[in-house]
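Examining the three-dimensional arrangement
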Amino acid sequence: MDEIDFEAAFARLEETVRLLEAGGLSLEQSVALFEEGMRLAALCNQRLDSAELRIGKLISGDAGVTRGGQMRLDALMMEIDPIHVSTDRNGDD
Amino acid sequence: METCTVGELTLYLKHLLEGNELLQDVWVEGEVSNYIRASSGHCYFDLIEGGTVLRCVMWRSHAMRWSRLLGNGASVVVHGGITIYPQKGQYQAVVDLVQPQGVGILRLRLEQLRQKLEEEGLFDESRKRELPAFPKRIGIVTSEKGAVLRDIATIVERRYPLVELILAHTQVEGESAPASIVQAIGALNLLHQYREDKQLDLIIVARGGGSMEDLAAFNDEQVVRAVYASRMPVISAVGHETDTTLIDLVADLRAPTPSAAAELAVPDMRDLRAQLNDWSQRLAAAAEAEMEGKREDVAAQMSALQRVSPQVKVEQYRQRIDDLLAGVAVQLRHRLRLDRERLASRTLQLQSLDPKAVLSRGYSIVRFSGDGPVVSSAEQVSTGDALDVQTAHGRYEVVVMYSDEA
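Here the residue index of a chain counts from 1 through its sequence in written order. Chains and ligands are labelled by the order in which they are written, letters from A for the one and numbers from 1 for the other. Reporting of local features is limited, given that this is a predicted model, to residues whose pLDDT is at least 70; pairs of side-chain atoms are given and counted only at 80 or more, and all residues count toward the totals for whole chains, interfaces and linings. To get the side-chain values, take all heavy atoms of the structure and skip hydrogens and water.

Let us look at the overall build of chain A. The helix count covers DSSP runs of H or I at least four residues long, the strand count covers runs of E at least two residues long, and both are numbered beginning at the N terminus. When you go through chain A residue by residue, the secondary structure sums to three helices and two strands. Listed by position from the N terminus, the elements making up chain A come as α-α-β-α-β. By the burial criterion, 32% of the 93 residues in chain A qualify as buried. Taking all contacts inside chain A whose residues are at least 6 apart in sequence as the whole, residues at least 24 apart take part in 58%. Carbon and sulfur atoms make up 51% of the accessible area of chain A, which totals about 5,800 Å². Type-normalised accessible area, obtained with a 1.4 Å probe on protein chains alone, sets the label of each residue: buried when under 20%, exposed when over 50%, and partly exposed for intermediate values. Contacts were defined at the residue level, with two residues in contact if any of their heavy atoms lie within 4.5 Å. Accessibility throughout is a Shrake-Rupley quantity obtained with a 1.4 Å probe, and a residue counts as covered only by protein chains that appear here.

In structure tokens:
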């Protein structure tokens with residue numbers, strides 16, 4: 001369950017609601033869908049609660065757009081340095 | 001000396017003109033006169049200035065766009081190439097662009113570039129890509145200094161902090177800006193292409209407000225082409241709402257400000273939470289409804305079952321038996337009563353036949369002595385027989401003196 005990404009969990013949750021509302025399921029299926037749906041909803045909420053915005057700066061030296069195989073090497077060597085951007089508003093620019 | 005034909009001369013002059021680079025890229029100022037729009041859609045007019053005339057033609061495809069600026073007396077600048085129309089022995093300008101006089105050379109070049117790129121299809125709506133609903137990683141092309149990055153980050157943090165933002169720093173104005181922007185977009189695309197773990201969902205190219213000169217980099221041809229070539233969708237957020245640069249036309253989505261770009265790029269957590277709540281409630285309601293339905297099904301089944309249940313059958317049989325027994329009992333009692341009555345009457349009859357009753361009425365029972373047989377006829381006796389006489393009270397013996405068979 002931990003591997004599933006937010007978008008997939010969100011979509012699957014919607015599907016469980018749709019299936020359960022459509023009805024015509026066996027008792028086991030209904031229970032299973034309900035439990036799965038509640039788990040997914042909890043997971044989504046937890047992801048939103050615990051999310052922290054990450055910002056990184058791409059460091060690619062002077063490589064930029066070079067030719068041929070060098071491009072791949074440059075790309076693999078790209079670093080993303082975490083940077084902090086102060087997000088408290090203090091007036092417009 | 002050689003002679004040539006009119007055709008040869010004309011053709012020579014035509015090639016002379018058309019081979020001249022300058023003459024194929026002229027901007028000419030003048031006043032419009034003799035303007036005609038043919039039914040074919042082509043436009044024909046003269047440009048006059050200082051007593052001289054230049055014949056002009058604009059073909060339909062360009063005329064559709066620029067003919068609104070043409071009218072007799074209009075002061076315009078036209079762009080085009082000079083050629084010769086052999087059938088009339090006339091040189092003329094084939095015009096592809098019209099602007100009012102006074103807009104300035106920069107604006108003229110910009111319009112020309114815009115038209116060229118549009119004709120290439122770079123601005124086509126059909127190629128614009130949809131943005132993903134739940135982006136995981138967003139590239140930002142802007143300056144690391146200044147408020148733009150901060151504004152974007154603030155909004156994203158408030159709405160949807162699940163994403164990762166990757167800044168590709170760039171100059172946003174000045175001579176080196178176009179190349180810098182192209183490199184930044186290129187670097188993000190390289191990252192996406194070669195790093196599985198750093199896949200980008202979209203790019204935001206942003207800069208704050210400024211004059212047209214400040215924003216000039218975002219009208220650069222190479223910048224536009226870089227955005228067009230980007231593997232992932234691009235949101236342009238350059239300048240204020242009223243500023244339009246070419247990047248706005250080629251981008252997959254145009255935002256009026258960098259903050260608006262952030263709002264367009266990510267969903268709002270508040271909406272997501274509301275949706276999660278709604279679904280949770282509906283889940284519970286649907287599950288409860290299902291349970292109710294199941295319970296009703298079971299109850300109905302139980303009802304049906306009961307109707308055919310052996311238990312019930314047994315009860316029914318018991319009931320039948322009880323009823324039968326009860327009936328039998330009634331009949332028995334009836335019979336019993338009849339029998340009793342019969343017995344009673346028989347008893348009475350018997351009683352009336354009781355010898356003791358006969359005796360008490362004065363009769364006697366005569367027997368031969370020694371418990372012999374009863375004498376019921378005179379024929380049975382002879383003179384001298386000893387007889388036993390039983391009366392109601394006691395007995396005595398007698399001897400027969402005389403018998404009379406009668």
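With that settled, the discussion passes to the side chain of E36 of chain A. Of note, E36 of chain A is situated in helix 2 (residues 27-50). Polar side-chain contacts of E36 of chain A include one of 2.9 Å to the side chain of R12 of chain A. Pairs of N or O atoms are called polar contacts if they sit within 3.5 Å, as long as, within protein, a hydrogen donor faces a hydrogen acceptor (for residues adjacent in sequence, only side-chain-to-side-chain pairs).

Moving on, we get to the interface of chain B and chain A. Each side of the interface is counted separately: chain B has 45 residues, and chain A has 56 residues. Buried area counts how much accessible surface, traced with a 1.4 Å probe, disappears from two parts once they are put together, with both parts' losses summed. For the pairing of chain B and chain A, the buried interface totals around 4,600 Å² over both sides, and the portion due to carbon and sulfur atoms is 67%. A pairing counts as a salt bridge when a side-chain nitrogen of Lys or Arg comes within 4 Å of a carboxyl oxygen of Asp or Glu. Across the contact surface, chain B and chain A share five salt bridges. Linking chain B with chain A are eleven residue pairs in polar contact (both at pLDDT 80 or more). Taken together, the elements giving at least two residues each to the side of chain B that touches chain A come down to helix 4 (147-159), strand 7 (164-169), helix 5 (177-194) and helix 9 (269-308) of chain B. For the side of chain B that touches chain A, the element with the highest residue contribution is helix 9 of chain B, accounting for 15 residues. Pairing between two strands requires that DSSP report at least two bridges joining them. Judged from the four bridges that link them, strand 1 (residues 54-59) of chain A and strand 7 of chain B form a sheet pairing that is parallel. Bridging across to strand 7 of chain B, K57 of chain A finds its partner in L167 of chain B.

Estimated volume of the largest pocket: approximately 550 Å³. Space inside and on the surface of the protein is sampled on a 1 Å grid over the protein atoms alone, with a cavity defined as a set of points where a 1.4 Å probe fits but cannot get out and a pocket as an open set with protein on both sides within 12 Å along at least 5 of 7 lines; lining residues have an atom within 4 Å of a point. L106, R107, L110, M212 and N219 of chain B are the residues nearest the centre of the largest pocket, which is lined by 23 residues in total. Elements with a contribution of two residues or more to the lining of the largest pocket: helix 3 (105-120) and helix 7 (246-250) of chain B. With seven residues, helix 3 of chain B is the largest single contributor of residues to the lining of the largest pocket. Residues that form the lining of the largest pocket fall into these classes: ten nonpolar, five polar and eight charged. Grid points are joined across faces, edges and corners, and a volume is the space filled by probe spheres set on the points. Space inside the second largest pocket adds up to approximately 290 Å³. F6, R47 and R54 of chain A together with K136 and L162 of chain B are the residues nearest the centre of the second largest pocket, which is lined by 14 residues in total. Taken together, the residues of the lining of the second largest pocket sort by class into seven nonpolar, no polar and seven charged. Under the convention adopted here, Pro, Cys and the residues Ala, Val, Leu, Ile, Met, Phe, Trp and Tyr are nonpolar, Asp, Glu, Lys and Arg are charged, and Gly plus all remaining residues are polar.

Residues and elements named next belong to chain B. Phi at N34 takes a positive value of approximately 50°, unusual for a residue other than glycine. Take N34: it is sitting in strand 1 (residues 26-37). One non-glycine residue, D371, lies in positive phi territory at about 55°. Turning to its location among the elements, D371 is positioned in the loop between strand 11 (365-368) and strand 12 (386-390).

Another aspect to go through is the environment of A179 of chain B. Within the fold, A179 of chain B resides in helix 5. In this structure the C-alpha to C-alpha distance between A179 of chain B and A216 of chain B, which are 37 residues apart in sequence, comes to 12 Å.

Another aspect to go through is the sheet that holds strand 12 of chain B. The strands that make up a sheet pair up through hydrogen bonds in the backbone, lying either parallel or antiparallel. All names here are of chain B. What the three strands build is an open sheet, ordered 11-12-13; its pairing is antiparallel. With one partner strand each, in any of the chains shown, strand 11 and strand 13 (395-399) form the two edges of the open sheet. With strand direction ignored, the average angle separating the axes of adjacent strands in the sheet is 30°. Looking at chain direction, strand 12 and strand 13 are connected through five bridges and run antiparallel. Of the residues in strand 13, the one forming a bridge with Q390 is R395. Between N-to-C directions, angles cover 0 to 180 degrees, with each direction set by a line fitted to C-alpha atoms, over the stretch in contact for helices.

These results come straight from atomic positions and should not be treated as a statement about function.
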